[in-house]
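Architecture at a glance
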Amino acid sequence: MDSILVRGNGPLNGDIEIAGAKNACLALMPATLLSDEPLTLTNAPRLSDIKTMTALLASLGAEVTALQDGKVQAMSCHGEINPVADYEIVRKMRASNLVLGPLLARLGHAVVSLPGGCAIGARPMDLHTTALEALGAEISLKDGYLHAKAAGGLKGAVHKMRFPSVGATENFVMAASLAKGTSVLENAAREPEIVDLCDCLNKMGAQIEGAGTSRIEIQGVDRLHGATHPVVTDRIELGTFMLAPAICGGEVTCLGGKLSLVESFVAKLEEAGISVEENARGLTVSRKGDRVKAVDVTTEPFPGFPTDLQAQMMALLCTAEGTSVLEETIFENRFMHAPELIRMGADIEVHGGHAKVHGVEKLKGAPVMATDLRASVSLILAGLAAEGETVVSRVYHLDRGYEFIEKKLSGIGAQIERIQS
Ligand code: EPZ
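Residues numbered from 1 in each chain as written. Predicted model: local features only at pLDDT ≥ 70, side-chain atom pairs only at ≥ 80, totals over all residues. Heavy atoms only, no water.

Focus on the overall build of the protein chain
Note the cut-off: Per the convention used, a helix needs a DSSP run of H or I reaching at least four residues, while a strand needs a run of E reaching at least two, with both numbered from the N terminus. Using C-alpha atoms as the atom set, the radius of gyration is obtained and then compared with a globule rule of 2.2 Å times the number of residues to the power 0.38. Relative accessibility thresholds used throughout: buried, under 20% of the residue-type maximum; exposed, over 50%; partly exposed, between the two (1.4 Å probe, protein chains only). By the convention used here, residues are in contact when the closest approach between their heavy atoms is within 4.5 Å. With residues, only the protein chains shown are counted as cover, and all accessible areas are computed by Shrake-Rupley using a 1.4 Å probe. Counted as positive: Lys and Arg. Counted as negative: Asp and Glu, with His and the chain ends omitted from the count. By convention, the charge on Lys lies at NZ, on Arg at CZ, on Asp at CG and on Glu at CD.
Per the secondary structure count, the protein chain includes 14 helices and 24 strands. Here the protein chain has a C-alpha radius of gyration of 21 Å; the compact-globule value for 421 residues is 22 Å, and the two agree. Projected onto its principal axes, the C-alpha positions of the protein chain cover 65 × 40 × 40 Å. Scored against the burial criterion, the 421 residues of the protein chain give a buried share of 57%. The contacts of the protein chain with a sequence gap of at least 6 include a subset with a gap of at least 24, amounting to 74%. Total accessible area on the protein chain is roughly 15700 Å²; 51% of this is exposed by carbon and sulfur atoms. Charge separation in the protein chain, taken as the distance between the mean sites of 39 positive and 51 negative side-chain charges, equals 1 Å.

Topic: the packing of aromatic side chains
Worth spelling out the cut-off: When two rings of Phe, Tyr or Trp (its six-membered ring) have centres within 6.5 Å they constitute a pair, described as stacked for plane angles under 30 degrees, edge-to-face for angles over 60, and tilted for the intermediate range. Two conditions define a charge sitting above a ring: the NZ of Lys or the CZ of Arg must be within 6 Å of the ring centre, and it must be within 35 degrees of the ring normal.
Overall, the coordinates contain 2 aromatic pairs when judged by the stated rule. Judged by centre distance (6.2 Å) and plane angle (70 degrees), the rings of F241 and Y402 are edge-to-face. Taken together, the positions of F241 in helix α8 (residues 235–248) and Y402 in the loop between α13 (396–399) and α14 (405–410) put the pair 161 residues apart, joining distant regions of the chain. The two residues F241 and Y402 agree in class, both being buried. Of note, K407 hangs over the ring of F404, and the distance from its end group to the ring centre comes to 5.2 Å.

Digging into the domain arrangement of the protein chain
Put simply, the rule is: An automatic or database domain assignment provides the domain bounds reported here. Buried area is understood as the total, over both parts, of accessible area removed when two parts are fitted together, assessed with a 1.4 Å probe.
One can read the domain layout of the protein chain as domain 1 (3–19 + 233–419) and domain 2 (22–230). On a C-alpha basis, the centroid separation for the pair domain 1 and domain 2 is 31 Å. Listed by partner, the interface residues are 24 residues for domain 1 and 21 residues for domain 2. With both sides pooled, the region where domain 1 packs onto domain 2 buries about 1900 Å², and carbon together with sulfur makes up 53% of that total. Per-residue buried area on domain 1 facing domain 2 is highest for F302, R400 and E403; these three make up 30% of the total on that side.

Observations concerning unusual backbone geometry
Geometrically, the link from F302 to P303 is a cis peptide bond, its omega value of 15 degrees lying close to zero. Relative to the assigned elements, P303 resides in the loop between β18 (297–298) and α10 (310–317). The phi dihedral of N187 falls on the positive side, at around 60 degrees, and the residue is not glycine. Within the secondary structure, N187 sits in the loop between β11 (182–186) and α7 (192–203).

Some points on the site of the ligand
Under the convention used in this document: If a single non-hydrogen atom of a residue is within 4 Å of a molecule or strand, that residue counts as near it. N or O atoms within 3.5 Å of each other form a polar contact, as long as, within protein, one can give a hydrogen and the other can take it, and as long as residues adjacent in sequence are counted only when both atoms are side-chain atoms.
Taken together, 22 residues are adjacent to the ligand, and R94, D126, L127, D308 and I330 come closest. Between an oxygen atom of the ligand and a side-chain N or O atom of R94, the distance comes to 2.7 Å. R162 is positioned such that a nitrogen or oxygen atom in its side chain is 3.4 Å from an oxygen atom of the ligand. When the free accessible area of the ligand is taken as 830 Å², the share hidden by the protein chains comes to 89%. Contributing elements (two or more residues each) for the shell around the ligand: α1 (22–28), α5 (126–134), α6 (166–176) and α12 (373–385). For the shell around the ligand, the element with the most residues is α5, which contributes 3 residues.

Concerning the UniProt feature "active site" (unreviewed entry) in the protein chain
Which entries qualify depends on this criterion: UniProt positions are given in the numbering used here, feature names are shortened, and annotations may be inferred rather than shown by experiment.
Taking the numbering used here, the UniProt-annotated feature "active site" (unreviewed entry) corresponds to C118. Its location among the elements puts C118 in the loop between β7 (109–113) and α5.

Topic: the environment of S393
You can see S393 is positioned in strand β23 (residues 389–393). Residue classification places S393 among the partly exposed positions, given a relative accessible area of 22%. C-alpha of S393 to C-alpha of M369: the two residues are 24 residues apart in sequence and 4.9 Å apart in space. Residues contacting S393, with those up to four places away along its chain left out, are D2, S3, V368, M369 and A370.

What about the packing of helix α4 (residues 100–107) against α6?
Rule in force here: Inter-axis angles, ranging from 0 to 180 degrees, are taken between N-to-C directions of lines fitted to C-alpha atoms, where helices are fitted over the stretch in contact. Between 65 and 115 degrees an angle is taken as roughly perpendicular, under 35 as roughly parallel, over 145 as roughly antiparallel, and anywhere else as oblique. If you view the pair so one helix is near and one far, a crossing is left-handed when the near helix is turned anticlockwise from the far one by less than a right angle, and right-handed when it is turned clockwise. The classification used treats Ala, Val, Leu, Ile, Met, Phe, Trp, Tyr, Cys and Pro as nonpolar, Asp, Glu, Lys and Arg as charged, and all other residues, Gly among them, as polar.
Running from N to C, α4 and α6 point in directions that differ by 15 degrees, and their axes come no closer than 7 Å. Taken as axis vectors, α4 and α6 run roughly parallel relative to one another. Seen from above, α4 lies across α6 with right-handed handedness. Here L100, G101, P102 and A105 of α4 lie close against α6, whose contacting residues are N171, M174 and A175. Its residues assigned to classes, the contact of α4 with α6 comprises 5 nonpolar, 2 polar and no charged.

Describing the pattern of salt bridges
Opposite charge on two side chains makes pairing possible when the charged atoms of those side chains draw close. Worth spelling out the cut-off: One side-chain nitrogen of Lys or Arg within 4 Å of one carboxyl oxygen of Asp or Glu is enough to make a salt bridge.
Evaluation of the coordinates by the stated rule reveals 22 salt bridges. Its salt-bridge partner being R91, residue E88 comes within 3.0 Å of it at the nearest N-O pair. Classification of E88 by relative accessible area gives partly exposed; the value is 41%. Given the relative accessible area of 41%, R91 is considered partly exposed. Linking E403 and K408 is a salt bridge whose minimum nitrogen-to-oxygen distance equals 3.6 Å. The exposure classification of E403 matches that of K408, with both residues buried. Connected through salt bridges with shared partners, the residues R46, D69, E237, E403 and K408 form a single ionic network.

As for the nonpolar core
The condition is simple: Put simply, a nonpolar core is a bunch of buried Ala, Val, Leu, Ile, Met, Phe, Trp, Tyr and Cys residues held in one set by side-chain atoms that sit within 4.5 Å of each other.
Counting 75 residues, the largest nonpolar core has M29, L57, V99, L154 and L201 as the members making the most contacts within it. No other element matches the 6 residues that α6 contributes to this core. Ignoring anything within four residues of it in the chain, the contact list for M29 reads L41, I50, M53, T54, L57, V64, Q73 and M75. Ranked by size, the runner-up nonpolar core spans 70 residues in total, among them I16, L243, V377 and A386.

Listed below in structure tokens is the structure:
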């Protein structure tokens, strides 16, 4: 298992390329199951999760070809379709559950393994199943698999979700796009990845309005045709790399970054004393003083502060002036980076969904362990400004969501290298 070695050093300066969004691409790829014509995605990120989704779609009978070193994913699903999404693949990546809606819509039945829990929480599927049952699906659990069927096809319906689940919104929208009649999803998730999926489905001939609001209306159509669609910029990678100059000092431009993708995150950065300027090239970030100010953060569904940037923000606040309180409201166990940051000298108290971070002058490099995707990158960020060397182990977590991270960070002056083992 590879590790990453980071040496703390001074200010970082330069430009950093932001890739297409992992969480948009993982919803866009299953959309190929909805049509027998080719769907091509451009600006796709080069990540291990994309390879896992490729393997899953291939196991279902879709053809997925990575072109231009993986920046283009050319897909089509016109032959025999296997309705069973196997546990061996699904257990590796929760987003595999996004084939449930499309398989139901295309075939009228699906057998999808429950993904099982992961480090950050139990991650049940009840919001997905109730949403699809509202469209007429009958879903039962047997031997760890969801058996779903919609004899006579899915029928449009109005459904209000108890919580704006991103994945359940995506499954509902994809299923409803081929249902008979009109569907309305209330309390829908509003993330930019939902907007990107609906833009792509509309290019394929779907009739979806209201994406990005909490009420999405879908007129079902008989079939969807092929399309070519660029994956939206990854707002979580964007926020992650904006924190590099915030933590180390210097000035970095995140190319292609847009304020609209990270508004609540930027508001917190500015409150902490970081300056962010939107320009034609992207978002330019610099730190004015030599220490940021403590700020309180509560994670919320979009457009609130993203849970996927909570761990990275904590890395910044470890050396802030004062005490910050971070409240994690989306997942039940998303502070596993805290004990690793404490190994680096951070002063953090975790009580349930709250973490109190008392800022210290400087962190000290140490061997630490990645536990999940965003926790691993928060340790890298902490190591960038820590005294001495930090070695982050189990970086396979990192490769799930960050393409060429050593290259990108070295490009702005970070001392970072991968240690093969
Ligand atoms: C998506 O996961 C993202 N993944 C996650 O990013 C992100 O953290 C999350 O949305 C919240 O923004 C992808 O898009 C592939 P949810 P998803 O359904 O769809 C509970 C990353 O680091 N819930 O909005 O699974 C659930 O347990 C990943 O890139 C139910 O109770 O998130 C969680 O507590 C991590 N029942 C909350 O809702 C359900 O049926 C939010 O889950 C579904 C979810």
